[in-house]
Amino acid sequence: MKADKKTDYVAPVDDRGRKAVIDIRDITKVYKMGDIEIPALRGVSLQVYEGEFISIMGPSGSGKSTMLQILGALDQPTSGEYYLDGVNVAKLNDSELAAIRNRKIGFVFQSFNLLKRTTAQRQVELPLLYGNGRDRAKRARAALESVGLGSRLNHMPNELSGGQQQRVAIARAIVNNPAIILADEPTGNLDSRSGTEVLKIFQEMNRENGITTVFVTHDPFVARHTDRMIMLRDGEIVADKVVPDPYIAGTVERPSEASELEGVFRETYYEAPTEAFN
Ligand SMILES: Nc1ncnc2c1ncn2[C@@H]1O[C@H](COP(=O)(O)OP(=O)(O)OP(=O)(O)O)[C@@H](O)[C@H]1O
Ligand SMILES: [Mg+2]
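**Student:** Which parts of the structure should I look at to understand the sheet that holds strand 10 (residues 236-242)?
**Tutor:** Pairing within the open sheet is mixed, and its 6 strands lie in the order 6-7-8-3-9-10. Each end of this open sheet is capped by a strand with a single partner; those strands are strand 6 (105-109) and strand 10. Across this sheet, the average inter-strand angle for adjacent strands is 15 degrees, counted without regard to direction. Both strand 9 (residues 228-233) and strand 10 contribute to a ladder of 6 bridges, which runs antiparallel. Counterpart to R228 in the pairing with strand 10 is V242.

Set out below in structure tokens:
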């Protein structure tokens, strides 16, 4: 990155001495559809510090995916500032954006976004085609082994379960050793057992490898496994709370819905209609 793109920005530091790897300030996003303007984000500021595991919650249409796309440098905000690992994202052109995405960020989506008729091994090699491709096959295999798919290297997506497909997508996201993982409802299409497996992988990558993780979910029980919960509503952050004693994936039974919702409301001091968690 050129020096002028670093400017004189100094990343904020939290009370544990961790540097902000994501720093957005007063971000807005307005989608234009013909004459109609749709404000999807109305001034959002957020700092995510190295090694944090954050969940973003909020009702449908509250701007979660929009925010994740901006955080992932897949889209530019309408206004506001974004520093990604110290780099001023607004100043980057398309090829620089692509480069920073490839180097720093791994994405995981609800619908896996795997290529059909492509083996697990090959899917995971793809991000490595972009940079220097040394040891491509070996690195892809190691990533697949780390998500427990060492014995499925030559399977096509339609020869894998949903949970296994999502694990291929996670292997693809981590093969480049990104600083940050961004995931949009990664457990949304999975049954509860596969969802737990996937959650466990995210939690281990965060705790053992220190990968900063931002995780969009509708599910308060899933959010309860992260360290910090952000609540969006109508394009604004309405709550930002530390999760006391995050659950360890696979060790806690899902409570009945009522007590779960009650717990989340209590912890976030946020009175929302239950539709917020549909
Ligand atoms: N490409 C787009 N063009 C126009 N409007 C959009 C576009 N993407 C999102 N929107 C609108 O912006 C608002 C926020 O959408 P967003 O997808 O960020 O919500 P979300 O919180 O991810 O919802 P969900 O939980 O349903 O995934 C919505 O009103 C949506 O209709
Ligand atoms: Mg969404």
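**Student:** Please clarify how the packing of helix 3 (residues 120-130) against helix 4 (residues 136-146) should be interpreted in this entry.
**Tutor:** Any two packed helices are characterised by the angle at which their axes cross and by the distance between the axes. The geometry of helix 3 relative to helix 4 is characterised by a closest axis approach of 8 Å and an angle of 115 degrees between their N-to-C directions. By crossing handedness, the relation of helix 3 to helix 4 is classed as right-handed. Of the residues in helix 4, those in contact with A120, Q121, V124, E125 and L128 of helix 3 are R136, A137, R139, A140, R141, A143 and L144. Class assignment of the residues belonging to the contact of helix 3 with helix 4 gives a composition of 7 nonpolar, 1 polar and 4 charged.

**Student:** What is the right way to look at the packing of helix 5 (residues 162-174) against helix 6 (residues 192-209) in this model?
**Tutor:** It is at 9 Å that the axes of helix 5 and helix 6 come closest, and there the two elements cross at 20 degrees. In terms of orientation, helix 5 lies roughly parallel with respect to helix 6. As for the relative orientation of helix 5 and helix 6, their crossing is right-handed in sense. Side by side, helix 5 and helix 6 meet where G162, G163, Q166, R167, I170 and I174 of the first sit next to S194, E197, V198, I201 and M205 of the second. Of the residues contributing to the contact of helix 5 with helix 6, the split by class is 5 nonpolar, 4 polar and 2 charged.

**Student:** Is there a simple way to think about the pairing of strand 2 (residues 36-49) in this case?
**Tutor:** Along any regular strand the residues' side chains alternate between the sheet's two faces. Alignment of strand 1 (residues 20-33) against strand 2, held across 11 bridges, turns out to be antiparallel. In the sheet register, V30 faces strand 2, and the bridge partner there is P39.

**Student:** Hey, could you run me through the nonpolar core in this one?
**Tutor:** Within soluble globular proteins, side chains that are nonpolar tend to cluster in buried spots. Core analysis: the biggest nonpolar cluster contains 67 residues, and A171 and L182 have the highest contact counts within it. Here this core takes 6 residues from helix 5, the largest share from any one element. Beyond its immediate sequence surroundings of up to four residues, L182 is in contact with L68, L71, G72, I105, F107 and V214.

**Student:** What is the right way to look at the site of ligand 1 in this model?
**Tutor:** What surrounds ligand 1 is the set Y31, M33, I38, A40, G58, S60, G61, S62, G63, K64, S65 and T66. Residue contributions to the shell around ligand 1 peak at 3 residues, all from helix 1 (residues 64-71). Residue classes in the shell around ligand 1 are distributed as 4 nonpolar, 7 polar and 1 charged.

**Student:** Hey, could you run me through the sheet that holds strand 2 in this one?
**Tutor:** Backbone hydrogen bonds hold the strands of a sheet together, and the pairing may be parallel or antiparallel. Here 4 strands make up an open sheet; going across it, the order is 2-1-4-5 and the pairing antiparallel. Bordering the open sheet on either side are strand 2 and strand 5 (87-88), each of which pairs with just one other strand. Taken together, the 2 bridges between strand 4 (residues 79-84) and strand 5 define a ladder with antiparallel strand orientation. The residue of strand 5 that forms the bridge with L84 is V87.

**Student:** Can you walk me through helix 1 in this structure?
**Tutor:** Think of an α-helix as turning once every 3.6 residues; residues three or four places apart then point the same way. The element helix 1 is largely enclosed, with a buried count of 6 among its 8 residues. What helix 1 keeps buried is the set K64, T66, M67, L68, I70 and L71. Count one or two residues on from helix 1 and you reach A73, which has phi positive near 55 degrees.

**Student:** Teacher, can you tell me more about the environment of V198 here?
**Tutor:** Here V198 lies in helix 6. A count of 25 C-beta atoms within 10 Å places V198 in the buried class. Taking the C-alpha atoms as reference points, V198 and Q166, 32 residues apart in sequence, are found 7.4 Å from one another. When near neighbours in sequence (up to four residues on either side) are disregarded, V198 contacts G163, Q166, R167, P186, T187 and L190.

**Student:** I'm lost on the environment of K64 in this one. Help?
**Tutor:** Summarising the element assignment, K64 is placed in helix 1. Classification of K64 as buried rests on a count of 24 C-beta atoms within 10 Å. Apart from residues no more than four positions distant in its own chain, K64 is found in contact with I56, G58, V216 and L232.

Thresholds, definitions, all that
Residues numbered from 1 in each chain as written. Chains lettered and ligands numbered in written order. Predicted model: local features only at pLDDT ≥ 70, side-chain atom pairs only at ≥ 80, totals over all residues. Pairing = 2+ DSSP bridges. Helix = DSSP H or I, 4+ residues; strand = E, 2+ residues; numbered from the N terminus. Axes fitted to C-alpha atoms, helices over the stretch in contact; angles between N-to-C directions. Left-handed = near helix turned anticlockwise from the far one by under 90°. Contact = placed C-beta atoms within 7 Å. Nonpolar A, V, L, I, M, F, W, Y, C, P; charged D, E, K, R; others polar. Parallel < 35°, antiparallel > 145°, perpendicular 65-115°, else oblique. Core = buried A, V, L, I, M, F, W, Y, C linked by C-beta atoms within 7 Å. Buried ≥ 20, exposed ≤ 12 C-beta atoms within 10 Å, placed from the backbone. Near = placed C-beta within 6 Å.

This is a description of form; function is not addressed.
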